[in-house]
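Per-entry structural report
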Amino acid sequence: MDNCEHLLEPVRALVTELIARCPGLRVLATSRQRLDVAGERVLRIGPLPAGDQVALFCDRAALLRADFTGDARSRELAGEICRLVDGLPLAVELAARRESVFGLVHLRDRLGAGLNVLDPARGGDRSTAVSATVEWSYRLLDPAAQRLLDRLAVCRGGFTLDALPHFAVPADRGGAPGESGTVPVNGDAEALLAELVDASLVNADPPRYRLLETVRLVGLGHLGPDGEHRARDAHARWMLTLADEMVDRCRVRDPWTYPAMRRELANLQEALAWLTEGGGDRDEGARLAAMLAVIGADSPDPGLTEQLARLAPPRVESDSDILRAFAAGTGEWLRGHLPEADRLLTAALDRMPGDHPLRWGVLLIRISNGMFAGRPDLVRADAERIATDTGAPAWARATGICCSALMDAYGGDPAAGRRWLERYAAHLDTEHLDGFVPFTRGEMLAGDDPARALAWYDRSIAASSRVNLIYTAHVARVGRAAALIRLGRLAEAVEDCRTVLLAVRSANMTAQVWTMIRLIAELLAALGDAEPAAALVTAADADPLAPAVMGRDRDRLAALRTVTAAPPPVAGPAAAADLALHHLTAAGRRMTQSAGA
């Protein structure tokens, strides 16, 4: 029996009687809702496996266009199209029919805007439209469940039960009867969610719940402009509540914080876009952006970094301008645009009240930015400010103090750095909170005793990983890779450098990408690959985004520039990283072959 949800009561009665009269009978039924008969076993059918989705799409597209090629690029685009329609067989087949009309690229782009492109032409069988299959099930829902589903459609990447109070509409806040998105959600929101799960309109994988993209787009279509505005405001309130909690937990380095951010990253970005670029409250958008700058600095995401960097205000005058300048400055710092980051962060600090709850966050990012820019005086001044900031978390004070010591070490005077750390020793008992202090201890030793430094880097990585800190763990891995090179453990260094370069590039940590490229140049020179080493150093020299070089590193890199053959031109961190990875792979292959021989 197929599509039983449309006649659920009579089908239930029929199956109950058939099973009673014929004990050996088995009934296979498809339905968006359970039949609720004795002995029923439910198997939830998900999308096709990814490979089968693409195979189905390409097979159907080739039937309609003889010159359709299933090459690697076509299959990649087909995979993107299949993901946009949730990998549902009907939707994949309908999309394949449209390929002959729009081509793969335009079809993908049109599907990103909605499912209308899959609807049949006038006079066609609308019962086969993807939206129609969703609408059939939607009409079977209780009206309150319909309204909740429509409002949940603004969520990106799913939601948890704590979202429901924000989306449930109290009776005294309902709009005109029948107006989508404003009809009160009467009764228990969790019971309504259960109805949506039973109807297969919400996928449940507790504690997370998700609407398929096909269902989400249909729900958005029901809201109308006013209903969507209210739903997105509700969604933003949920994200602001979450961000407040994340900042509070960040202060004590709660391990929950950063996985929670990554789980809700799509929702956080959606809310930020609504509040800063859509029709939401711009002041609340600035507040959300600043909180995400605090959290995102420790757990960088390329998409969020770019979103924050776009928020720079033309002038810094109001409270919201201050917060937007902080957020944009953080984004620019992560991107490696150090002068612009300094301008924005300084403008924010100059106008931010001394008792502002996020002032410590602005100071800490400006300290980090000053390090990469090679400005020890600015770093020392800000470190002294954050060390006496009673509103700053203990780990933030320790990090600021350590950064100033690192500037001494990078400038060639680690003894001065150690004296600075001794001066503030009472602030440095934070290894239980994160790994920045042990990272600093490693850096203090790296120039003269890389073997001991290696042990401190390992402690830093372990401490940072315990609290899910991506940024600090990555900078410790960079230091560890450098120590392996200096110890002459070149085979280990080749694999470590490759892994770390991929990690910092994935996190969009531009300064660390360039640091790794310079280290790889040093490694390649040690392996006898002088020309690519010179090319990588030259590329770093030419890019204003590359961090400043200080102390002993100046001499190391100067030695790599003496190669007589002209290095091939390489422009920008992406091309330089690709060249570095290419030569690392070749070096690793040679070392493996040599060991085998």
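Residues numbered from 1 in each chain as written. Predicted model: local features only at pLDDT ≥ 70, side-chain atom pairs only at ≥ 80, totals over all residues. Heavy atoms only, no water.

Focus on the overall build of the protein chain
Looking only at helices and strands, the protein chain has 27 helices and 2 strands in total. Out of the 597 residues in the protein chain, the part that is buried amounts to 52%. Of the contacts formed within the protein chain by residues at least 6 apart in sequence, a portion of 67% connects residues at least 24 apart. When the accessible area of the protein chain is evaluated, it comes to approximately 26,400 Å², of which 53% is carbon and sulfur surface. Placing the 68 positive and 79 negative side-chain charges of the protein chain at their respective mean positions leaves the two points 2 Å apart. (Helix = DSSP H or I, 4+ residues; strand = E, 2+ residues; numbered from the N terminus. Buried < 20%, exposed > 50% of the residue type's maximum accessible area, 1.4 Å probe, protein only. Contact = heavy atoms within 4.5 Å. Areas by Shrake-Rupley, 256 points an atom, 1.4 Å probe, with all protein chains shown as cover. Lys, Arg positive; Asp, Glu negative; His and termini not counted. Charge placed at Lys NZ, Arg CZ, Asp CG, Glu CD.)

Re the environment of Gly157
One can find Gly157 in the loop between helix H6 (143–152) and helix H7 (164–167). Overall, the relative accessible area of 47% leaves Gly157 in the partly exposed class. Each C-alpha atom of the pair Gly157 and Glu264 lies 7.2 Å from the other, and the pair is 107 residues apart in sequence. Those residues in contact with Gly157, other than ones at most four positions away along the chain, are Arg208 and Ala266.

Focus: the pattern of salt bridges
This model, assessed by the stated rule, comprises 42 salt bridges. Arg108 is the salt-bridge partner of Asp109, the closest N and O atoms lying 3.1 Å from each other. In this structure Asp109 comes out as partly exposed when scored by relative accessible area, which is 44%. As a salt-bridge pair, Asp529 and Arg590 come within 2.9 Å of each other at their nearest N and O atoms. Pair noted here: Asp529 is in the loop between helix H24 (510–526) and helix H25 (530–542) and Arg590 is in helix H27 (residues 572–596), with a separation of 61 residues, a long-range link. Residue class for Asp529 comes out buried when judged on its relative accessible area of 15%. A single salt-bridge network, built from bridges that share partners, covers Arg156, Glu213, Arg216, Glu228, Arg232 and Glu270. (Salt bridge = Lys/Arg side-chain N within 4 Å of Asp/Glu carboxyl O.)

Topic: the side chain of Asp382
Secondary-structure assignment places Asp382 in helix H17 (residues 376–387). Residue Asp382 is classed as buried on the basis of its relative accessible area, which comes to 1%. With residues near it in sequence (within four places) discarded, Asp382 still touches Leu363, Arg366 and Ile367.

Some remarks on the confidence of the model for the protein chain
For the protein chain, the mean per-residue pLDDT works out to 89, and 93% of the residues sit at or above 70. Highest mean pLDDT in the protein chain belongs to helix H15 (residues 338–351) (96); lowest belongs to helix H26 (residues 552–560) (79). A low-confidence stretch, residues 171–184 (pLDDT under 50), is modelled with 30 contacts involving residues beyond four sequence positions or located in other chains. (pLDDT = per-residue confidence, 0-100.)

As for helix H5 (residues 130–139)
Along H5, 7 of the 10 residues are buried, which leaves the element largely enclosed by surrounding structure. Taken together, the buried positions of H5 are occupied by Val130, Ser131, Ala132, Thr133, Val134, Ser137 and Tyr138. Residues of H5 that are buried in the fold lie against helix H4 (89–112), H6 and helix H9 (213–250).

Thoughts on the nonpolar core
Phe57, Phe159 and Leu501 are the most contacted members of the largest nonpolar core, which totals 188 residues. The element that contributes the greatest number of residues to this core is H9, accounting for 16 residues. In this structure Leu501 touches Val513, Met516, Ile517, Ile520, Ala577, Ala580 and Leu581, once residues within four positions along its chain are discounted. Membership of the second largest hydrophobic core comes to 6 residues, among which are Leu8, Val11, Val15 and Val37. (Core = buried A, V, L, I, M, F, W, Y, C linked by side-chain atoms within 4.5 Å.)

Brief notes about the packing of helix H16 (residues 359–373) against H17
Taken N-terminus to C-terminus, the directions of H16 and H17 make an angle of 155°; their axes are 9 Å apart at the nearest point. Judged on the interaxial angle alone, H17 and H16 are roughly antiparallel. Remark: the crossing between H16 and H17 carries left-handed chirality. Across the interface between the two elements, Arg359, Trp360, Leu363, Leu364, Arg366, Ile367, Gly370 and Met371 of H16 pack against Leu378, Val379, Asp382, Ala383, Arg385 and Ile386 of H17. Class assignment of the residues belonging to the contact of H16 with H17 gives a composition of 9 nonpolar, 1 polar and 4 charged. (Axes fitted to C-alpha atoms, helices over the stretch in contact; angles between N-to-C directions. Parallel < 35°, antiparallel > 145°, perpendicular 65-115°, else oblique. Left-handed = near helix turned anticlockwise from the far one by under 90°. Nonpolar A, V, L, I, M, F, W, Y, C, P; charged D, E, K, R; others polar.)

Re the environment of Arg380
With respect to the secondary-structure elements, Arg380 resides in helix H17. The spatial distance from the C-alpha of Arg380 to the C-alpha of His582 is 39 Å, given a sequence separation of 202 residues. If near-sequence neighbours (up to four positions away) are discounted, Arg380 is found in contact with Ser404, Asp408 and Trp420.

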